[in-house]
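Overview (structure and organization)
Spelled out, the chains give:
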Amino acid sequence: MASECGSGQLHFVLVHGAGHGAWCWYKIRLLLEGAGHKVTCIDLKCSGIDPTDYNTVFTFAEYNEPLTTFMSSLATNEKVVLVGHSAGGRNVTNTVYKFPDKVHMAIYVAAMMVKFPFGLSRTAEDSKEVDNVSIISKIEQVLLGDKLAYEFINGIKGLPFPTGIIVKPELQRKVLYNLSPIEDATLASMLLRPTPVWALLNLESEKHAEFSVPRVYIKTCNDELFNPVSQDGMLLLWEPNKLLTIESDHSPFFSKPDVLFQLLTEAVASITI
């Protein structure tokens, strides 16, 4: 198998969702590495331990730069299995379009899986002319779940629109970690960081590219943020090669790590890669 780093070894690249960081995958990393696989957990810009201030990130390309740089560094004949959670599905899709020869499979975990991820194409200079109402309206079109679960943050004085967004602290346990251990939910509440607004909005179009790798979607059936009905609606628009389900909240890497590990293993075994 061309994706092997050694005998039977796959290279999984795990991409977190908005607000999270590489830290959220710690249980899955241990399980995958325990099974003999190679694992890379990415911190996107201004996420996890990346020191970047979210107020300085004005494009999706900047936000996704750590993943893009990593993919560029892969050897010519090396391929990976990309796994994206929540809003990280956009990062996975964009990366497959850019590096189709370096990805064996894309796996979406309660993630945004849209064939042509869209954004508001503006530069940081253009953004000065955007008003608060239009920006929030645009953001709400790409948010997962109930828009009332999110808090907008005006991080730069004088700008007429918010620069950051995060799930409201008082709702994080309810919508992100409702079935997760209290220890994980508490730790996550201390580590979550605002996502730069423009990382959700400014995304170059790939409408003329062909998505050339298999896609597996893992549906979270007890999700209080991205409810199963909404996930089903999204899946109708771009049917995956394989659909798997898990009885978890929005964060199965905390609430059902053993099951999620089994599904990741099933996913890569189900399609010839």
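Residues numbered from 1 in each chain as written. Predicted model: local features only at pLDDT ≥ 70, side-chain atom pairs only at ≥ 80, totals over all residues. Heavy atoms only, no water.

In the nomenclature of an unreviewed UniProt entry, the chain corresponds to Methyl esterase from the organism Trema orientale.

Moving on to the overall build of the chain. When its secondary structure is counted, the chain shows eleven helices and nine strands. Counting the 273 residues in the chain, one finds 55% classified as buried. Sequence separation of 24 or more characterises 72% of the internal contacts of the chain that already satisfy a separation of 6 or more. Summed over its atoms, the accessible surface of the chain is roughly 11,700 Å², and 54% of this surface lies on carbon and sulfur atoms. (Helix = DSSP H or I, 4+ residues; strand = E, 2+ residues; numbered from the N terminus. Buried < 20%, exposed > 50% of the residue type's maximum accessible area, 1.4 Å probe, protein only. Contact = heavy atoms within 4.5 Å. Areas by Shrake-Rupley, 256 points an atom, 1.4 Å probe, with all protein chains shown as cover.)

This next bit is on helix H1 (residues 26-34). Every buried residue of H1 is listed here: Lys27, Ile28 and Leu32. Seen from one end, H1 has its buried residues packed into an arc of 125 degrees, which puts them on one side. Of the exposed residues in H1, those oriented more than 90 degrees away from the buried face are Leu30 and Gly34. Buried residues in H1 make contact with strand S1 (11-15), strand S2 (38-42), helix H7 (182-191), helix H10 (252-255) and helix H11 (257-270). Glycine 36 lies just past H1 and shows a positive phi near 95 degrees. (Arc of directions from axis to C-beta.)

Quick look at the packing of aromatic side chains now. With the rule as written, the count across this model stands at seven aromatic pairs. Note on tryptophan 23 and phenylalanine 254: the rings are 6.4 Å apart at their centroids and 20 degrees apart in plane angle, and the pair reads as stacked. Within this pair, whereas tryptophan 23 is found in the loop between S1 and H1, its partner phenylalanine 254 is found in helix H10, the two being separated by 231 residues in sequence. With a relative accessible area of 2%, phenylalanine 254 lands in the buried category. Ring pairing ties together the aromatic residues Trp23, Trp25, Tyr26, Tyr177, Phe253 and Phe254, which thus form one cluster. For arginine 215, the ring lying beneath its charged end belongs to phenylalanine 211, and the centroid distance is 5.9 Å. Lying over the aromatic face of tryptophan 238, arginine 215 brings its terminal NZ or CZ to 3.7 Å of the ring centre. (Phe/Tyr/Trp six-rings, centres within 6.5 Å; stacked < 30°, edge-to-face > 60°. Lys NZ or Arg CZ within 6 Å of the ring centre and 35° of its normal.)

Attention shifts here to helix H4 (residues 88-98). Across the eleven residues that make up H4, a large majority, ten, are buried. Among all positions of H4, only Gly88, Gly89, Arg90, Asn91, Val92, Thr93, Asn94, Thr95, Val96 and Tyr97 are buried. Residues of H4 that are buried in the fold lie against S1, helix H2 (60-63), helix H3 (65-73), strand S3 (80-85), strand S4 (103-109) and helix H8 (197-201).

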